[in-house]
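Structure assessment
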Amino acid sequence: MPSTVKLGEYLFTRLHQLGVRSIHGVPGDYNLTLLDHIEPSGLHWVGNCNELDAGYAADGYARINGLGALITTFGVGELSAINAIAGAYCERAAVVHIVGTPERAVQDCRLKVHHTFADGNFDRFAQMHAQITVAQASLKDPQSAPEQIDAILKQCLLHSRPVYLQVPVDLVDASVETGRLRSECLLADLTLAEIKPTPAQDRALSIVLDKIKTAKRPTILVDGESRALRITEDVQRIVQLTKWPTWVTVFAKGLVDETASNVHGVYRGSYDPKAKAFVDNSDLVLCFGPHFSTTNTFDTTSIPPQAVTISFTDNEIRVGEQTYRDIPTRSAVSRLRQELSALDLDLPATQEAELPGKARKGCLSSLPSEQSITQDRLWHLLGNFIREGDIVLGETGTAGYGIQEMALPPHTRVFAPVTWLSIGYMLPAAQGAALAQRELIASSVYHGINQARTVLFIGDGSFQMTVQELGTIIREKLDVIIFLLNNDGYTIERCIHGLKKRYNDIAPWRYTQAPHFLGADDDVFTATVNTWGELQRVLSSPKFTSGSGLRMVEIMLDREDVLEGPLLDLLREERKASSGES
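As the structure is a prediction and not an experimental result, all values here were calculated from the model. (Residues numbered from 1 in each chain as written. Predicted model: local features only at pLDDT ≥ 70, side-chain atom pairs only at ≥ 80, totals over all residues. Heavy atoms only, no water.)

What follows covers the side chain of Thr-133. Looking at the element boundaries, Thr-133 is found in the loop between α6 (124-129) and β6 (135-138). Within the local environment of Thr-133, its side chain forms a polar contact with the backbone oxygen of His-129, the two atoms lying 2.7 Å apart. Of note is the side chain of Thr-133, whose polar atom sits 2.9 Å from the side chain of Gln-136. Ignoring sequence-local partners within four residues, the contact set of Thr-133 consists of Ile-85, Tyr-89, Pro-162, Val-163 and Tyr-164. (Helix = DSSP H or I, 4+ residues; strand = E, 2+ residues; numbered from the N terminus. Polar contact = N/O pair within 3.5 Å; in protein donor to acceptor, adjacent residues only side chain to side chain. Contact = heavy atoms within 4.5 Å.)

Moving on, we get to the sheet that holds strand β2 (residues 22-25). As summarised here, the arrangement of the 6 strands in space is β3-β2-β4-β5-β7-β6, forming an open sheet in which the pairing is parallel. Only two strands of the sheet have a single neighbouring strand rather than two, namely β3 (44-47) and β6. Recorded for the sheet is a direction-independent mean angle of 20 degrees between the axes of neighbouring strands. Looking at chain direction, strand β4 (residues 68-73) and strand β5 (residues 95-101) are connected through 6 bridges and run parallel. The partner of Leu-70 across the bridge, within β5, is His-97. Contacts between helix α17 (residues 426-442) and the sheet are confined to β2 and β3, with β2 contributing the most and set at about 170 degrees to the helix. (Pairing = 2+ DSSP bridges. Axes fitted to C-alpha atoms, helices over the stretch in contact; angles between N-to-C directions.)

The next point concerns the sheet that holds strand β16 (residues 391-394). Read from one edge of the open sheet, 6 strands run β17-β16-β18-β19-β21-β20, paired in parallel fashion. Edge strands, defined here as strands with exactly one partner in the open sheet, are β17 (413-415) and β20 (525-529). Across the sheet, the axes of successive neighbouring strands diverge by a mean angle of 15 degrees, strand direction being ignored. Its contacts with the sheet put helix α15 (residues 375-382) on β18 (454-459), β19 (480-486) and β21 (551-556), and the angle it makes with β19 is roughly 170 degrees. The sheet strands contacting helix α22 (residues 532-539) are β19, β20 and β21, and the helix crosses β20 at an angle near 165 degrees.

Moving on to the domain arrangement of the protein chain. The domains assigned to the protein chain are domain 1 (4-193), domain 2 (195-342) and domain 3 (364-579). Centre-to-centre separation of domain 1 and domain 2, based on C-alpha positions: 35 Å. Contact residues are listed per partner, giving 10 residues for domain 1 and 10 residues for domain 2. Interface area, domain 1 with domain 2, both sides summed: about 890 Å², of which 39% is carbon and sulfur. A per-residue breakdown of the area domain 1 buries against domain 2 is headed by Arg-63, Arg-92 and Leu-192, which together make up 53% of the total. A salt bridge links Glu-225 to Arg-92, with the shortest nitrogen-to-oxygen separation between them at 2.8 Å. Across the contact surface, domain 1 and domain 2 share 5 residue pairs in polar contact (both at pLDDT 80 or more). Partitioned by chemical class, the residues of the side of domain 1 that touches domain 2 number 4 nonpolar, 3 polar and 3 charged. (Domains from an automatic or database assignment. Buried area = accessible area lost by both parts, 1.4 Å probe. Salt bridge = Lys/Arg side-chain N within 4 Å of Asp/Glu carboxyl O. Nonpolar A, V, L, I, M, F, W, Y, C, P; charged D, E, K, R; others polar.)

Under the feature "domain: Thiamine pyrophosphate enzyme N-terminal TPP-binding" (unreviewed entry), the UniProt entry names residues 6-116. In residues 6-116, helix accounts for 46% and strand for 20%; the two terminal C-alpha atoms are 27 Å from one another. (UniProt positions renumbered as here; feature names shortened; annotations may be inferred.)

So, about the packing of aromatic side chains. Scanning the model with the defined rule gives 17 aromatic pairs in all. Taking 5.5 Å as the distance between ring centres and 20 degrees as the angle between the ring planes, the aromatic pair formed by Phe-385 and Phe-544 counts as stacked. Taken as a pair, Phe-385 in the loop between α15 and β16 and Phe-544 in helix α23 (residues 542-546) lie far apart in primary sequence, 159 residues in all. With respect to class, Phe-385 is no different from Phe-544; both count as buried. When the centroid spacing of 5.1 Å and the interplanar angle of 40 degrees are considered together, the rings of Phe-525 and Phe-544 count as tilted. With Phe-525 in strand β20 and Phe-544 in helix α23, this residue pair connects regions lying 19 residues apart in the sequence. By relative accessible area, which is 14% here, Phe-525 ends up buried. Classification of Phe-544 as buried rests on a relative accessible area of 0%. Stacked on the ring of Tyr-89, the Lys or Arg Arg-161 has its end atom at 4.5 Å from the ring centre. Over the ring of Phe-385 we find Arg-453, and its NZ or CZ is 4.3 Å from the ring centre. (Phe/Tyr/Trp six-rings, centres within 6.5 Å; stacked < 30°, edge-to-face > 60°. Buried < 20%, exposed > 50% of the residue type's maximum accessible area, 1.4 Å probe, protein only. Lys NZ or Arg CZ within 6 Å of the ring centre and 35° of its normal.)

This next bit is on the pattern of salt bridges. Inspection of every chain in the model, using the stated rule, returns 26 salt bridges. Residues Glu-91 and Arg-63 are paired through a salt bridge, measuring 3.2 Å at the closest nitrogen-oxygen approach. Residue Glu-91 is found in helix α4 (residues 76-91), and its partner Arg-63 is found in helix α3 (residues 51-65); the two are separated by 28 residues along the sequence. A relative accessible area of 5% places Glu-91 in the buried class. By relative accessible area, Arg-63 is classed as buried at 8%. Through salt bridges that share partners, Asp-488, Arg-494, Asp-505 and Arg-559 make up one connected network.

Here it is, written out as structure tokens:
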């Protein structure tokens, strides 16, 4: 490696060192020279249809790969992406948002250039991003730029949240020293390879272990921030070691092997009275990576009792009402796993009658072939379609509730509506996730799996939001299967309010023609199914199940067909309100 490189090359080489292999984004006049350095640095450029989609895709890529990046231009580009960055912040995706900005001299002179408000203020967009990123840097000097880049990348990985980096046009080709790139110690520091334990950690773990040793009715609840905290492997091992009854939240579905006998699926609080009674009567709940939004906790009913809960969060262990701070979570959970492996956890056998049944799978051949498809049976049946290593995405709406019902094989990753709930997110996220999946398989670091698919379940309304990214999926030749749920509009909104209102209607599209318009070959697999028999024929097609590239099936559903649970409760109330109006 030479002693100096251009700043753009430094940035992309560092991202490559940290495991990024593809960068999403949209070209613009303030980032064009920066884009010239992407492919020479060994990275793949994914040009998206717009910046919002690029942000969603980078988020999906980051959740599978561990780190993602996108590039936009100043002002109009970055503001188009800002909703995606906010969602990544909320649900903890490590995304590096790189923004090409005007030359330093232009900014210093406060020139009234395009992509600004023509008032000479170049700071307001960075100020906006300061609210939705964990660290920000505006490069001004080639001498300090490498250190600034490394500092925000470390924050991105440490917190698993987006960071914001402004790169002026005139700095892209400036020479910077490469000493930091060559330092193995610095790279290890950036990748958080070793986090040393602290005395506070020893004290907290001692208390935790005492409670574990005396517990007679323990439970484990795994939540989705376990992924951001990089503790999923240790948590999985703890679930195996203890054999304690274990549930996951919606956010954590797929992070724990659901085929294990002690794993009982998604904990739905008051919507699963038997499970709630068991958790509420536990004398110890180990909770990993809590993310207690109302959506993720079934309107707070699945939050375990605080008095008996030990939570592992960012740099904290909470034991009941006591909080032990400044504890590296990854180190603490790893130590806990080691300690538990040495313990003889002699617990009384759990009464099976107290526990709910596991998610079941259905048999499609047993259903009347001419009967219309309904969601009460659909999701159990589609669980049979998912294979080990697949990525499953359920868009905000009925699909997001449906995938919670699916019994999944090991090493399945799940994207479900958690907190941000920006409809249309899942289609571009599927593109980013599928790309990361393919790269990991090619690197032989995907659980020994050589073939896997990305399977998206999305409603017709959400599909219309971001349909352009089908073109990116097609161009990138990604193995993505789409089940489009056509229930004639915004069914989830109808459940909430306006059951018969026009504002919940959408334009009727010919959905299966979309792949052709967006660049697919004439032989791309598409189908529309109305009955169980038609669905069975599609699922029996080798071209569909074992083919490659994009495949798309439109499933026709009644506009008021929803699963039992929160949506059905809302729908019943809305039906009463609608009948009163009429």
